[in-house]
Amino acid sequence: MVLRSGCKFGPVLVWFRLGYVVLLWLCVTHLRCARAETKTVVQKDAEFDVTYNDTVTSDNQTIYAFNHTVSRNKTEGIRVTVDVLSEGAESSPILFVVRQKQAVLSFQVPLILRGLYQRKYPYAHVGRTLCQPPTRSLTETQYFFVDVSTLSSLGTHYQLRISRVDSFTLHTDKKFSFTASPSQPQYFKYVFPDGVDTVIVKVNSEMTFPCSVMSIQDIQCPVYDLDNNVAFIGMYQTMTKTAAITVQRKDFPSNSFYVVVVVKTEDEACGGPLRFYPLRPDELIDAGNRSKTLDVVVSPAISSDVYVMGMLFCLGIFLSFYLLTFLVACVENKRSVDRPTVVYRKPGVTPVSPYEYGSFVDNASTLSSEAITDSIASDANYRYMGQETLKRRPFLTAIHHVAIRIERSLESVAGRSRHESLSSIEEDDYDTLADIDSDKNIVRTKKYLCVSDLARKDKRVLSKKYQIYFWNIVTIGVFYALPVIQLVITYQTVVNVTGNQDICYYNFLCAHPLGNLSAFNNILSNLGYVMLGLLFLLIVLQRDIIHSRALDRNDLNALECGIPKHFGLFYAMGTALMMEGLLSACYHVCPNYTNFQFDTSFMYMIAGLCVLKLYQKRHPDINASAYTAYACLAAVIFFSVLGVVFGKGNMVFWIVFSVLHILATMLLSTQLYYMGRWRLNSGILRRIVYVIYTDCIRQCSGPMYIDRMVLLVMGNIVNWSLAAYGLLKTPNDFASYLLAIAICNLLLYFAFYIIMKLRSGERIQCMAMVCILFTAVVWGFALFFFFQGLSTWQKTPAESREHNRDCIVLSFFDDHDIWHFLSSIAMFGSFLVLLTMDDDLDNVQRDKIFVF
């Protein structure tokens, strides 16, 4: 009976339960609807320039309706300003949503902006400019709505004000002042006028901080005008006191753009102090007053005519050096043609006058042509014979012509044998000093050395040895330049794609773009290094050809007089100057601290090659080989890279470098003082102690080589001082510090060389003196422009822009471009000094030329 009852009433119970669930759902839905109906939505017709004070809760929502007339020919901005008056609104902020025809802007108040390490900064006062979509109609009435809502059950008081921005459109060359803050960014519209394709937008402020950002964005909605999104689109720069961006019409299809200025929440990006860490991750930090007053002005950039004038000016300056060189070469060639014939006499015979020489030939008329030829060709002392003497004495003229013909025939045979053996001679195969160390010790340790003592190796061997300098630097330049060019192109592409102009440290007030290049003028001004380097190579080639012809005719002047002529290092110097121009141009495609070594690597090369050339002049047999020299320069560049990467504030690195610097100075000093006649082995300490005991304790004797000792003592003082300065100051620009060491040593050695040259009774010819004076003056002006410091990657990009200046020449070139012009001319002049400073010795026998 029970089971039957259960089976009979079971379906009823099921339906009863189902109905109960449905009834419960209906009740809940009804309650929700009833509760929803309690939330009040109020829409108000609002007006511009009226402040609305109101309260919002979770139960009410207010909508403000605005309308305004938009004209196609006139653009005016609309500014939304909101203040929250209630305390504790951070926990339940008010949401403002501005609905426009083609755009929606939403933000909360208090506005929470984040800094580094997730710091949070609340702002209760917020001001935003509405994006204005373009209209196609001549005039159009547009509506927009401001929705105000919150989830807070407590009432939150606020103020709302909508106003028109009368100066929303910027005008060319008219300055406009405004105030911005992190929660109140500003942006303005600029339209390109007819005939203007490029403009420069400049923003300036008297206040260094707070840090701010200037951005150039296309006319589209939304406009990214907050610290956390301003870098999403367009071009942008951080700034302290000044910022400048060059804008081209071709990048903006609408022929207009927005200038957006945002004040950052923190100052680290501009080199400001780092704020304290929050005690709790969600702790809100009061940012204080971060309002900043700024000025903006848009000016037309230079026209294409200025570009053409700048390029012609650059070419004209350096082509004038080609013309001047050509004129000097013509004058020198005319002098050499008018120069009297050189006649040689046997050693030991006193030179006689031209008239006495005529009687001498008359008395010796019975001599055979072979004897006369031998007398003329083997003479080590020469004298001049005027053309008039030859005309007055026909017999002398006949003998002279016969001698020249026989001499040429003999020289052709000797020349062929010499050229046939040239290809088989190597430095390792033939060395007149390699087999007799005792002879080296005797010669090189003499108290007074002459050039003849250190010019005993075969000239063809040394010529091949020094030609390796040229071929090695060409190889180094090719392998170095190709990846550099690839890298800087990548840098420029990244700048153009991302719009981040903080990557490159230009002088933005004088950075003229061309194509994809942002600062074409800084690249063009490096043309001087290339053109003058090529001109120097041509001058060296001319001298090399003249010297080779003199050797081919067995000219004893070229064989036994003057400083030995080896042109390999000169060729290397000219090539290094050209490579410096190329790599400096690559550096200026996007100058920053990571690629500064491109600008300095071949400066190290040039300084090192100049020192080697000075030393080679009077030490041709014992100068360093190309492999050793370039290995040492590679070590210098290696330390330059380490210094740039690890040297900033790293005391361990500076200690290691200073110790190595001092040790290298001492080892090089020893090598130079003893002319390489010493050994670095286990007995070095014992020998040092012995020398100190014998020369300083047992008897006080002065140095044997006083001149060398003076130079090396001065060099050690300079280098030890530079090492101490680096250790104490730890300069941030390690590459420039290293370059200063090289230049100081070069100048010291050059000054010593000039002083010793004059002290030895030698003289400096007019051409060399002109080059010295001209070069010194140009170097002075060049350094003046170099130290103007238009930018510096030792600081932040914003701080670097504080040093930017306007163009000073043709509205195209700035101070740094003038440095490029003058330094290239000064380097060219310095090379000419090294090339011509010993021309006075071309007629002096080498055993009369002292080594110092």
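A quick note: this is a predicted structure, and the numbers were derived from the prediction, not measured.

Engineer: Could you give an account of helix H18 (residues 734-759), naming the residues involved and the relevant values?
Structural biologist: Count 3.6 residues to each turn of an α-helix, and residues three or four apart come out pointing the same way. For H18, with 26 residues, the first-to-last C-alpha span of 37 Å sits near the 38 Å given by 1.5 Å per residue. Glycine 761 sits one or two residues past H18 and shows a positive phi near 90°.

Engineer: Summarise the packing of helix H12 (residues 568-587) against helix H21 (residues 815-836); cite the residues concerned and give the values.
Structural biologist: For any two helices packed against each other, the geometry is given by the interaxial angle and the distance between the axes. Viewed as axis vectors pointing N to C, H12 and H21 meet at an angle of 175°, and their least axial separation amounts to 11 Å. Taken together, the axes of H12 and H21 lie roughly antiparallel to each other. Between H12, through Phe570, Met573, Gly574, Leu577 and Ser584, and H21, the contact on the second element is made entirely by His820, Met827, Phe831, Leu834 and Leu835. Grouping the constituent residues of the contact of H12 with H21 by class yields seven nonpolar, three polar and no charged.

Engineer: Requested: an account of the pairing of strand E16 (residues 212-218), with residues and values cited.
Structural biologist: If a strand is regular, its side chains alternate between the two faces of the sheet. Taken across its seven residues, E16 has six buried, putting it largely inside the fold. With five bridges connecting them, E16 and strand E17 (residues 235-239) associate as antiparallel partners. Pairing of isoleucine 216 across the sheet is with methionine 235, part of E17. Here E16 pairs with strand E19 (residues 256-263) via seven bridges, running antiparallel. Paired with serine 215 across the strands is valine 260, a residue of E19.

Engineer: Go over the pattern of salt bridges, please, and point to the residues and values.
Structural biologist: If you walk through the whole model with that rule in mind, you get 21 salt bridges. Where salt bridges share partners, they join Lys617, Arg618, Lys757, Glu762, Asp838 and Asp840 into one cluster.

Engineer: I'd love a proper account of the side chain of serine 152, names of residues and values included.
Structural biologist: Within the secondary structure layout, serine 152 lies in the loop between strand E10 (139-149) and strand E11 (156-165). The class of serine 152 is buried, set by a relative accessible area of 10%. Once residues lying within four places of it in the same chain are set aside, the contact partners of serine 152 are Thr57, Ser58 and Ser92.

Engineer: Can you explain the pairing of strand E5 (residues 94-99)? Please cite residues and give values.
Structural biologist: As paired strands, E5 and strand E6 (residues 104-109) are joined by six bridges and run antiparallel to one another. Its bridge partner being in E6, isoleucine 94 is matched across the sheet by valine 109. Counting the residues in the hairpin turn of E5 and E6 gives four residues. Two elements, E5 and E10, share five bridges in a ladder whose sense is antiparallel. By the bridge assignment for E10, leucine 95 is matched with serine 149.

Engineer: Describe the packing of aromatic side chains, listing the residues and the values that go with them.
Structural biologist: By the definition in use, this model includes 52 aromatic pairs. Taking the centre distance of 6.2 Å and the plane angle of 25° together, the rings of tyrosine 466 and tyrosine 469 count as stacked. Placement of both tyrosine 466 and tyrosine 469 in helix H8 (residues 459-498) is noted, with a separation of three residues, approximately one turn of the helix. Centroid distance phenylalanine 734 to tyrosine 737: 6.1 Å. Interplanar angle 45°. Geometry classified as tilted. Remark: tyrosine 737 and phenylalanine 734 occur in helix H18; sequence separation between them is three residues, near one turn of the helix. Across the pair, exposure class does not vary: phenylalanine 734 and tyrosine 737 are buried alike. A network of ring pairs unites the aromatic residues Tyr307, Phe313, Phe318, Phe520, Phe812, Phe813 and Phe821 as a single cluster.

Engineer: Can you explain the state of the cysteines? Please cite residues and give values.
Structural biologist: Under the definition given, this model contains four disulfides. Each sulfur in the disulfide pair cysteine 131 and cysteine 221 lies 1.8 Å from the other. Here cysteine 131 and cysteine 221 share a disulfide; its torsion about the S-S bond, -85°, makes the bridge left-handed. One end of the pair, cysteine 131, is in the loop between strand E9 (125-129) and E10; the other, cysteine 221, is in the loop between E16 and E17, with 90 residues separating them in the sequence. The disulfide bridge from cysteine 510 ends at cysteine 807, spanning 1.8 Å between sulfur atoms. As the torsion about the S-S bond is roughly 110°, the cysteine 510-cysteine 807 disulfide counts as right-handed.

Engineer: Could you give an account of the sheet that holds strand E2 (residues 51-56), naming the residues involved and the relevant values?
Structural biologist: Pairing in this open sheet of four strands is antiparallel, and the strands run E2-E11-E4-E9 from one edge to the other. Of all the strands in the sheet, just E2 and E9 have a single pairing partner and so form its edges. Taking each pair of neighbouring strands and ignoring which way they run, the sheet shows an average axis angle of 20°. Both strand E4 (residues 77-84) and E9 contribute to a ladder of five bridges, which runs antiparallel. Across the sheet, valine 80 pairs through a bridge with arginine 128, a residue of E9.

Procedures and definitions
- Residues numbered from 1 in each chain as written.
- Predicted model: local features only at pLDDT ≥ 70, side-chain atom pairs only at ≥ 80, totals over all residues.
- Heavy atoms only, no water.
- Helix = DSSP H or I, 4+ residues; strand = E, 2+ residues; numbered from the N terminus.
- Expected span 1.5 Å × (residues − 1).
- Axes fitted to C-alpha atoms, helices over the stretch in contact; angles between N-to-C directions.
- Parallel < 35°, antiparallel > 145°, perpendicular 65-115°, else oblique.
- Contact = heavy atoms within 4.5 Å.
- Nonpolar A, V, L, I, M, F, W, Y, C, P; charged D, E, K, R; others polar.
- Buried < 20%, exposed > 50% of the residue type's maximum accessible area, 1.4 Å probe, protein only.
- Pairing = 2+ DSSP bridges.
- Salt bridge = Lys/Arg side-chain N within 4 Å of Asp/Glu carboxyl O.
- Phe/Tyr/Trp six-rings, centres within 6.5 Å; stacked < 30°, edge-to-face > 60°.
- Disulfide = S-S within 2.5 Å.

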